[in-house]
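Coordinate analysis (summary)
So the chains spell out like this:
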Amino acid sequence: MGSLFAYYIPTLVVYFGIDLLSAWSLNLQYGYAGVINFSFIIFQAAGAYVAAAVSLGPDTGLNSYQTYIFGARLPWPLPLIAAAAAGAALSALIGLFALRRIRRDYQAAVMLIVSLIALQVVSADVHLFNGSNGLTGVPHPMMTALNLSLSSWEWVWVVLVLAICVVVYVLVERLCRSSWGRALRAMRDQEDAAASIGLNPTVLRLEVFVIGGAIAGLSGGLLVEFISAWSPGAWGYAETFVIFTALLIGGVGNNRGMIVGTLLVPILFLELPSYLPSFGYPGLVDDFEWIIIGLLWMLGLLIRPRGVLPERRFIASREGAGVMTVGTRKGFFGRLLSVGSGEPARLFHRSAGGVPTVASPAGIGDEARPEEAEVR
Amino acid sequence: MNVFLQSIGFGVITASIIAIGAMGFSLQFGLTNVLNLSFGSIMTLAGFVAYLCETAGINIWLGLVLGGLSGAVATILIGKSVFKIFARRGAKLFEMVMVTLSLALIIEYSIDAVSQDQIYQLTFPQGSSFTFGPITVTASQLAIIGIGIAIFAALEAMLKLTRLGKALRAMAVDPSLARSCGIPTDRIVNATWLVSGFLCGVAGVVFVINSLSVDSYTGTLFLPSVLAAAILGGVGSPGGALVASLVLGIVTELTAALGGSAYSTVAAFGVLVVVLLSKPSGVARKVELTV
């Protein structure tokens, strides 16, 4: 019992928090903006690597057994901020070429290629982040300063991660309800209509990509300071798919649904096998997990495409306002602060092919564009 | 200068492997509109079939055919079951991409479970070496180049000269018009799954013949090159896929030779990015199929 509360429960709760942050980040990008980010995990990885490097110190002396860039010993919480910045910067870099107006299935393919290639490069080049061995020995922040034992420090980290989760939840909910969030959904459901009222889809996509990337980077930083090691084994392309499955099960476009999805898929589902008696060669259980994740996604899409908690129908309106003005001039922070004084979004509250576009059904947005014929 | 020529030589070999896969992918995508990300895992499957053939003492070139057939069977099974179910449900294109990716996971990790996460080495003889100036290639590498050219020629002839090819081209342009003209579109789609699956399998085996090792991630790691070549060459265009593969193969090997072996795929990917930025729907989309 003692060891349960000392290590197992804190680890589980921290993982839950990290996965929840990932799910919100991906939900913002995919659920609200329709951006298919198949390279999500590399932004988390970027955050983790940068947080590790800037808290490990230079790669000489004690750390000379590993080589990495950005070696520094920054006081906490600067490594976490650096992690979020790294995720945002990498997102901006990749978003600049991947988010242009190319076919959406090409976009998904390009993102997947980015994820696969990034893994190959970081594994092969030992000068970046110690190649396939990865970084180890990342210090637990504040542990020596506060003179804590490892088990009590883990509970400190649990509180911190949960607090950050609350902050991020409030942030993404406000973002999604702001005029900027409505602009995202407008773009997701009717890109051409959104463009015709002065929204710039490319810029909107880039904004949501960078914000999601920052959350992803932050989650990576929180994770690496908890488990104190990070290597290419932790961020294969399939990891992104776990979060996508949580998204689909929980309900795409519903931030509370993400809590359900995260509990069901990464936590319950990936934890259950540890109670099974071990069988086969080591790694066989992992293989089955991945196979079932793949099946789960397909079954979810067939049986309950809108998830456990479907996207809520959310119609913003203000008495007497006749003209559609989805915030275009206020800039990002102006839009962030203007929550509540919402402009109407009636333009998008109409049907597309017999289906209301605000609460979009299984086929999330993406009404047929001329170049996108249907699957044969 | 010698390094330059040598890497062009290696580039042509790499290009032949990429091209076989990219031609299959391109044909499949052009006809069915499914961006099939499980292509790489089926390549792995065929690679393992070749490995099993080798351990069973079967000639590797017969293994090549068997690997191709296994790819064809796997592809048509997936196409007729999974893809058809989701297409009937009206899955959007990118939901379909997700479905193919979940299939990739299922196949890849099923192979991983059976192969126990090990790397398997092949040991068949590479044949005698040939020297052309600074370039030295083995007999099996020459054979790979030959297979690439033969497949390109066969595919072109099939598309241009046969009734099947004509029907394929008609369907790529307008499936409903093709159907109303009496073309049995279901059978054409079946033929597409079979042919593209065969090419996918052959690409997997050829990759294994060149690298002499196979594990459960082999095809997935090779998928970026195949995808890049298919998109770069224009969907549904074997000639475009061939040219794009040559460019990508030579760029990859040149970068590796100039010291950045970790970055060789990045360089190839850079070519794709530059092209996609200037031509968002790929180069020469459906050129060959619409002729």
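Residues numbered from 1 in each chain as written. Chains lettered and ligands numbered in written order. Predicted model: local features only at pLDDT ≥ 70, side-chain atom pairs only at ≥ 80, totals over all residues. Heavy atoms only, no water.

**Here we look at helix H9 (residues 201-227) of chain A**
All names here are of chain A. Taking 1.5 Å per residue, 27 residues should reach 39 Å; H9 reaches 38 Å between its end C-alpha atoms and fits that length. With a side-chain oxygen positioned 3.1 Å from the backbone nitrogen of Thr 202, the residue opening H9 is Asn 200. Downstream of H9 by one or two residues, Ser 228 has phi in the positive range, about 55 degrees. (Helix = DSSP H or I, 4+ residues; strand = E, 2+ residues; numbered from the N terminus. Expected span 1.5 Å × (residues − 1). Polar contact = N/O pair within 3.5 Å; in protein donor to acceptor, adjacent residues only side chain to side chain.)

**Considerations on the pattern of salt bridges**
Going through the model one piece at a time under the given rule, you end up with five salt bridges over all chains. The residue A:Glu191 makes a salt bridge to A:Arg205 at a minimum N-O spacing of 3.3 Å. A residue pair is termed long-range when its members are at least 10 positions apart, and A:Glu191 in helix H8 (residues 191-196) and A:Arg205 in helix H9 qualify at 14 residues. With a relative accessible area of 8%, A:Arg205 lands in the buried category. In this structure, B:Lys160 and B:Glu156 form a salt bridge, with 3.4 Å as the shortest nitrogen-oxygen distance. (Salt bridge = Lys/Arg side-chain N within 4 Å of Asp/Glu carboxyl O. Buried < 20%, exposed > 50% of the residue type's maximum accessible area, 1.4 Å probe, protein only.)

**Thoughts on the environment of A:Asp189**
All names here are of chain A. Tracing the sequence through the fold places Asp 189 in helix H7 (residues 179-189). Note: C-alpha distance between Asp 189 and Gly 34 (155 residues apart in sequence) is 8.4 Å. For Asp 189, the side chain forms a polar contact with the side chain of Arg 188, separated by 3.0 Å.

**Examining the interface of chain B and chain A**
At the interface, 59 residues of chain B touch 51 residues of chain A. Both faces considered, chain B and chain A share a buried interface measuring about 5000 Å² in area, 74% of it formed by carbon and sulfur atoms. Joining chain B to chain A, the criterion identifies zero salt bridges. Our count for the contact surface shared by chain B and chain A stands at five residue pairs in polar contact (both at pLDDT 80 or more). Secondary structure elements with two or more residues in the side of chain B that touches chain A: helix H1 (2-32), helix H3 (60-88), helix H4 (93-115), helix H6 (163-173), helix H9 (218-233) and helix H11 (264-278) of chain B. The greatest single-element share of the side of chain B that touches chain A, amounting to 18 residues, is contributed by H4(B). (Contact = heavy atoms within 4.5 Å. Buried area = accessible area lost by both parts, 1.4 Å probe.)

**Things to note about the environment of A:Leu204**
Residue and element names in this part refer to chain A. On the secondary structure map, Leu 204 appears in helix H9. Judged by relative accessible area, Leu 204 falls into the buried class, the value being 6%. When the C-alpha atoms of Leu 204 and Gly 181 are compared, they prove to be 9.6 Å apart, with 23 residues separating the residues in sequence. Not counting chain neighbours up to four residues away, the residues in contact with Leu 204 comprise Trp 180, Ala 183, Leu 184, Met 187 and Leu 199.

**Observations concerning the confidence of the model for chain A**
Chain-level pLDDT for chain A is 80 on average; 81% of the residues reach the 70-or-more range. Confidence drops under a pLDDT of 50 for residues 319-373 of chain A, and excluding neighbours within four residues, the segment shows 115 contacts in the predicted structure. (pLDDT = per-residue confidence, 0-100.)

**Some words on the pairing of strand S3 (residues 135-138) of chain B**
All names here are of chain B. Strand direction decides the pairing type here: strand S2 (residues 129-132) and S3, joined by four bridges, are antiparallel. Following the sheet pairing, Phe 132 is matched in S3 by Ile 135. Counting the residues in the hairpin turn of S2 and S3 gives two residues, including Gly 133, whose phi is positive at 60 degrees. (Pairing = 2+ DSSP bridges.)

**Here's the deal with the packing of aromatic side chains**
Within the structure shown, the criterion is met by 17 aromatic pairs over all chains. When the ring of B:Phe83 is compared with that of B:Trp193, the centres are 5.6 Å apart and the planes differ by 40 degrees; the resulting orientation is tilted. Taken together, the residues B:Phe83 in helix H3 and B:Trp193 in helix H8 (residues 185-211) connect sequence positions 110 residues apart. Its relative accessible area of 3% is what places B:Phe83 among the buried residues. One aromatic cluster in this structure is built from A:Trp76, A:Trp153, A:Trp157 and A:Phe226. (Phe/Tyr/Trp six-rings, centres within 6.5 Å; stacked < 30°, edge-to-face > 60°.)

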